[in-house]
Amino acid sequence: MKTVAEIDKLVPDMKAWRHYIHAHPETAFEESSTSAFVADKLRSFGLDVHTGLATTGLVGVLRSGSGKAAIGLRADLDALHIHEKTGVAHASTVAGKMHACGHDGHTAMLLGAAAALARNKGFDGTLYFIFQPAEENEGGGRVMVEQGLFERFPMRAVYGMHNWPLLPEGTFAMRVGPLMGAFDIFEIVATGKGAHAAMPNTGKDPMLFAAHAIGALQTIVARNLHPLDAGVVSVTQVHGGDTWNVIPQEVVLRGTVRTFNAAVQDLIERRMREIVAGAAAMFDMSATVRYERRYPATVNAKEETQHAIAAATAVVGAANVDTDPQPNMGSEDFAFMLQAKPGCYVWLGAGRGPETPNVHNPHYDFNDDVLAIGASYWVTLARQQLAA
Ligand SMILES: [Zn+2]
Ligand SMILES: [Zn+2]
């Protein structure tokens, strides 16, 4: 392990910042005090700070030398709607909200890197420190891109990092191509004809539609996808009926689809529409499908992944960098930045063994022992990519 010496000195600061942010969680597009906290810190390090991107997002700009090259390093600011159960001293002070995904740690590590690079530079060019809101569900990264992030702050590449409790601390993992899945949602509404349950012949029962459609939707992955392609179709909600003796008029099914490539995504949506139309016809009723593509797959570029591997290797050694991990069907809105710019998203190992709570668990807390590793990765990547 070779963490950067300047970063080692900043560990108590990063811990304090992380604990403060953790105790004061804010959710999507409402991260105003977190954003103000970050802006304050960046200004105190001497960076130019641009606020108000995607409401609560901000960018810190740090220049050194006369080089024209520029890269972006990105962290996320938002917390989740989860009631914290960790019992730690810095636990959430807001009922029903907590930093259960470690974005408090991501923010603290990028602040630590900004502090170290502002003090001792060691690079030639421009660094953009991107702090985005609303990573969870609401696509703050997309909004930043739409609001001209890359036009206002021109850069050749953008990099992201997420702590990953499923991997041991002291490791990194990244790969060329997709690392996280695309996240789509769907809602299916079947409309039959309500009736007395003792006289089913006088109605059209949407419950039968639901029973058949849920089973048939599972055949998309089992029977339509190439066996070596990956896809998930999960029906996660069934709503219909209120009492024992009434056949309801309507049943609603909702769920999510996960994929790694657009062709598979197109195939699943098309087959879903065909199956729903077919099941509705079978039971003589109508059904609609609302299919929404939320986040695309997170796809790493070839060259930038090599750069990320080089930086991670310098910090934790080649034996601790997995360059071909199995991708995960979770999703990440950094994907929108990677659609606009080449870059690389990496997992920072944060596990302390099989009992470590995973992200989005009410017992999860960011692992402070990886603050120095993650921040050292940022500093190393910046200095390697913008070599003085
Ligand atoms: Zn999350
Ligand atoms: Zn997250």
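Just above sits the structure.
For clarity, every value in this text was computed on a predicted model and none was experimentally measured.

(A) Representation of the coordination of the zinc ion (ligand 2) in the model. Only Cys101 (SG), His103 (NE2) and His162 (NE2) from the protein reach the zinc ion (ligand 2) as donors, at distances of 2.1 to 2.3 Å. Linear spacing of the donor residues for the zinc ion (ligand 2) on their chain is C-x1-H-x58-H. Between the zinc ion (ligand 2) and the zinc ion (ligand 1), both coordinated by Cys101, there is a metal-metal distance of 3.1 Å. As far as burial versus exposure is concerned, Cys101 and His103 are alike and both buried.

(B) View of the pairing of strand β16 (residues 343–351). Of all nine residues that make up β16, nine are buried, and the element is covered over most of its length. Bridge count for strand β5 (residues 157–168) against β16 is eight bridges, and the pairing is parallel. Along β16, the bridge assignment pairs Tyr159 with Cys344. Direction of pairing for strand β6 (residues 172–173) relative to β16: antiparallel, over a ladder of two bridges. The residue of β16 that forms the bridge with Phe172 is Leu348.

(C) Region of interest: the packing of aromatic side chains. Applying the stated criterion across every chain, the model contains nine aromatic pairs. Geometrically, the ring pair formed by Trp164 and Trp347 is stacked, given 4.3 Å between the ring centres and 10 degrees between the ring planes. Of the two residues, Trp164 is situated in strand β5 and Trp347 in strand β16; the sequence distance between them amounts to 183 residues. The class for Trp347 is buried, based on a relative accessible area of 3%. Ring centres 5.4 Å apart and planes at 50 degrees place the aromatic pair Tyr377 and Trp378 in the tilted group.

(D) The sheet that holds strand β1 (residues 48–53), seen in detail. Taken in spatial order, the eight strands line up as β1-β2-β4-β3-β5-β16-β6-β15 in an open sheet, and their pairing is mixed. Single-partner strands in this sheet number two, and they are β1 and β15 (321–322). One ladder, built from seven bridges, connects strand β2 (residues 57–64) with strand β4 (residues 125–132); its direction is antiparallel. Bridge pairing in β4 links Val61 to Tyr128. Along the sheet, helix α3 (residues 103–120) makes contact with β2, β3 (70–76), β4, β5 and β16, crossing β4 at roughly 160 degrees. Packed on one face of the sheet, helix α10 (residues 371–385) meets β3, β4, β5, β6 and β16 and runs near 150 degrees to β5.

(E) Focus on the environment of Ala279. Looking at the element boundaries, Ala279 is found in helix α7 (residues 262–282). For Ala279, a relative accessible area of 6% puts it in the buried group. Here Ala279 is in contact with Phe209 and Ala213, once residues within four sequence places are set aside.

(F) Just the sheet that holds strand β13 (residues 286–295), in detail. Reading across from one edge, β10-β12-β8-β13 is the order of the four strands in this open sheet, with antiparallel pairing throughout. Since the sheet does not close on itself, it has two edges, and those belong to β10 (231–239) and β13, each with one partner. Each neighbouring strand pair of the sheet contributes to a mean axis angle of 20 degrees, computed without reference to strand direction. Across eight bridges, β10 lies against strand β12 (residues 250–259) in antiparallel orientation. Its bridge partner lying in β12, Gly231 is registered against Thr259. Along the sheet, α7 makes contact with β8 (182–191), β10, β12 and β13, crossing β13 at roughly 165 degrees.

How each quantity is defined
- Residues numbered from 1 in each chain as written.
- Chains lettered and ligands numbered in written order.
- Predicted model: local features only at pLDDT ≥ 70, side-chain atom pairs only at ≥ 80, totals over all residues.
- Heavy atoms only, no water.
- Donors = N, O, S within 2.8 Å, 3.2 Å for Na, K, Ca; no water.
- Buried < 20%, exposed > 50% of the residue type's maximum accessible area, 1.4 Å probe, protein only.
- Helix = DSSP H or I, 4+ residues; strand = E, 2+ residues; numbered from the N terminus.
- Pairing = 2+ DSSP bridges.
- Phe/Tyr/Trp six-rings, centres within 6.5 Å; stacked < 30°, edge-to-face > 60°.
- Contact = heavy atoms within 4.5 Å.
- Axes fitted to C-alpha atoms, helices over the stretch in contact; angles between N-to-C directions.

Shape is all these values report; function is a separate question.
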